[in-house]
Amino acid sequence: MGTHADVRVDASKPAHAATGPVPRRSATLALADGAWRWLVEYPAALLVVAEVVILFTGIVARYALHMPITWTDEASSILFLWLSALGAAVAVHRGEHMRMTALVSKCGPQTRAYLDAVAAGAALLFLVLVLLPAIHFAGKQGAFTTPALELSGSWRAAALPVGVALMFAASALRLAHAANRRVALAALATVALIALAFRTGQPLFADLGKLNLLIFFLGVVVLTVFAGVPIAFAFGLATFGYLALTTRVPLVTMVGRMDEGMSHLVLLAVPLFIFLGLLIEMTGMARRMVGFLANLIGHKRGGLAYVLIGAMYLVSGISGAKAADMAAVAPALFPEMKKRGAKEGDLVALLAATAAQTETIPPSIVLITIGSVTGVSIAALFTGGLLPGALLAVALCLVVWRRYRKEDLAGAAWPGGPAVLRSLQAALPALVLPFLIRFAVVDGVATATEVSTIGIVYALLIALLVQRGCDWSRLVPILVETAALSGAILLIIGTATAMAWCLTRSGFSTDLAALMTGLPGGKLGFLAVSIALFVVLGSVLEGVPAIVLFGPLLFPIAQQAGVNEVHYAMVVILSMGIGLFAPPFGVGYYVASAIGRASPDAGMRAIAGYMLALFIGVLVIAAVPWISTGFLQ
């Protein structure tokens, strides 16, 4: 992937290699890499296959045979945590964990090599610190037994210590590959000295109270992220440091929160939609669909950018996770858009922006969560969410129009009606897929988690029976890539969930609610502060955890201020979307970069205009309640 192009090292050609006989150290590393492939990568790929088979079998048994299988969700949940853990380890080994390299890439070669080694050392430090609590957590889970399969809870929870150990081994291998011994030792010494300084200063933290939140969740996170430490490990170090040095909370609690964040069954849609997106690209369905869309409006300036916006609007909400939505669209459109001259930074920026504006479109897990924790009618939320999403889509289209209004369209003439019809016939199976997925969810054939398996089976059948000529040798690499990308995403979500728990436990959420009850400016003042608040919260929390934490606190305050609850829900969700996908802190932006296979640095400038358009759109939605409530009865 291009996410870390500046630090990627070809494992078959270590940086220290020279002409002549292969050094023993190189031969040992090559042997370790080969063993890694069989011990970790292939099992992770098999787990992806197992999840597809189990979930699709459950759909067939329940919907077609009317003989529900009781253990499918339980088995999927167990395997999902193992997939997350092994996938995260594969991502470490391949150098595909998301990181900010804006500053590191501007340094000289020696400084950059040192900072890269420091980033690897920081990851090693986190993994060393969390390994023992992960082992304790797995041991404690042995007291529980799964209800359907009657398995010990340790079988599931053992995935975390195993994954941590494998990530440690992978980090050590990458450090051995990428740095000479002197640089590696200097970097490890730097990380050790910083950790020792924090440990020595522990008595000082006891007197700082809630200022520790700024030190760890602002200071440590900012410094590590901009130093090039992968995002997941930066979050993990800040959270572990806060718990270990400022509280008496057992450290095993952090592992429990990571387990909760990484194994939520709704998030199983992430690897499955990633696999589906890669599969439709491999089978040629994506190429045929993009060919039709290009024939239809590709001769217009910014035509495929409009298609990206519309496609995200179409598939939004069916998976319960923005990462899964992006994974279903980007692989189908990006290759052709790049061929037509689009820059990878602008593509990632537009992908992130469209993901931010589609969270209110039903069926949406965040809308359902708001209804469940606040008592707001879910039907009303579904009705109220369509127009705000459409308004923001129009806002993004205006930015696309401005940016592409002088695009060179030489050679992009209208191909003619017959050519469009022929490309439509070829693309029809691919164009049916989004409607098939949405129908399966709306009609109750499958849940948002299961529905991607229907798409996977459909794509395989089309490739086998209708559109021949697929390169099946790519299937195993695609499965491995699915596991790696999923692990990178889910580890971020896991460490972010642990961080969110710390913020809640510290009393931050309660203090925040108390502060907002006394805001001046009435309804508009409350909405303005809510927008700012949820933009910030969105940068560190996924939508569901943030709503669970703050929804019950703030929705009653909104009612007291005279804000319609459906209107407030739309403002909150869209504000969180901006925070989640706005760099440099928005986790979703790095997820979009990983899915788009682009460096996060590339889209920093391009996304500013899109985010400004979204922010203005949110202000309009906040100021005009009818946009959210006009179609309510």
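What counts and what doesn't
- Residues numbered from 1 in each chain as written.
- Predicted model: local features only at pLDDT ≥ 70, side-chain atom pairs only at ≥ 80, totals over all residues.
- Heavy atoms only, no water.
- UniProt positions renumbered as here; feature names shortened; annotations may be inferred.
- Patch = residues over 30% accessible without salt bridge, like charges linked within 9 Å, V, L, I, M, F, W, Y side chains within 5 Å.
- Areas by Shrake-Rupley, 256 points an atom, 1.4 Å probe, with all protein chains shown as cover.
- Salt bridge = Lys/Arg side-chain N within 4 Å of Asp/Glu carboxyl O.
- Helix = DSSP H or I, 4+ residues; strand = E, 2+ residues; numbered from the N terminus.
- Expected span 1.5 Å × (residues − 1).
- Buried < 20%, exposed > 50% of the residue type's maximum accessible area, 1.4 Å probe, protein only.
- Core = buried A, V, L, I, M, F, W, Y, C linked by side-chain atoms within 4.5 Å.
- Domains from an automatic or database assignment.
- Contact = heavy atoms within 4.5 Å.
- 1 Å grid on protein atoms, 1.4 Å probe; cavity = no way out; pocket = protein on both sides within 12 Å on 5 of 7 lines; lining within 4 Å.
- Points joined across faces, edges and corners; volume = space filled by probe spheres on them.
- Nonpolar A, V, L, I, M, F, W, Y, C, P; charged D, E, K, R; others polar.

In the annotation of an unreviewed UniProt entry, the chain is listed under the name ABC transporter permease and assigned to Bordetella genomosp. 11. As its UniProt record puts it under Subcellular location (unreviewed entry), the chain is described as follows: "Cell inner membrane".

## What to know about a nonpolar patch on the surface
On the surface, a nonpolar cluster with roughly 590 Å² of combined accessible area is contributed by L612, I616, V620, V624, W626 and F631. Its location among the elements puts W626 in helix α27 (residues 626–629).

## Regarding helix α15 (residues 344–357)
In a regular helix each residue adds 1.5 Å, so 14 residues correspond to 20 Å; α15 covers 20 Å between its end C-alpha atoms and thus fits that length. Most of α15 is tucked away, with 13 of its 14 residues classed as buried.

## Regarding the nonpolar core
Core analysis: the largest hydrophobic core is formed by 193 residues, its most contacted members being M98, M167, F233, M326, I489, F534 and Y568. For this core, the element with the most residues is helix α20 (residues 475–505), which contributes 17 residues. Here this core gathers at least three residues from each of two domains, domain 1 (37–263) and domain 2 (283–476 + 507–630). Core analysis: the second largest hydrophobic core is formed by eight residues, A117, A120, L175 and A187 among them.

## Examining the pattern of salt bridges
In total, this model carries six salt bridges according to the counting rule given. Close ionic contact of D259 with R156 constitutes a salt bridge, the shortest N to O distance being 2.9 Å. Here R156 lies in helix α4 (residues 153–157) and D259 lies in helix α10 (residues 252–263), a separation of 103 residues in the sequence. As far as burial versus exposure is concerned, D259 and R156 are alike and both buried. A salt bridge links E260 to R257, with the nearest nitrogen and oxygen atoms 3.1 Å apart. Residue E260 and its partner R257 are located together in helix α10, separated by three residues, close to a single helical turn.

## A short note on the side chain of T453
Of note, T453 is situated in helix α19 (residues 451–465). For T453, a relative accessible area of 0% gives the class buried. Apart from the residues lying within four places of it in its own chain, the contact partners of T453 are V52, L55, F56, I59 and L272.

## Looking at the layout of surface pockets
The method is simple in principle: a probe with the dimensions of a water molecule rolls over the atoms, and the space it marks as empty is what remains. Computed from the structure, the largest pocket encloses a volume of approximately 680 Å³. Forming the boundary of the largest pocket are 27 residues, of which L125, I194, A195, F198 and L237 lie nearest the centre. Listing elements by their share of the lining of the largest pocket, those giving two or more residues are α3 (109–140), α6 (181–200), α8 (211–226) and α9 (231–246). Class assignment for the residues of the lining of the largest pocket results in 21 nonpolar, five polar and one charged.

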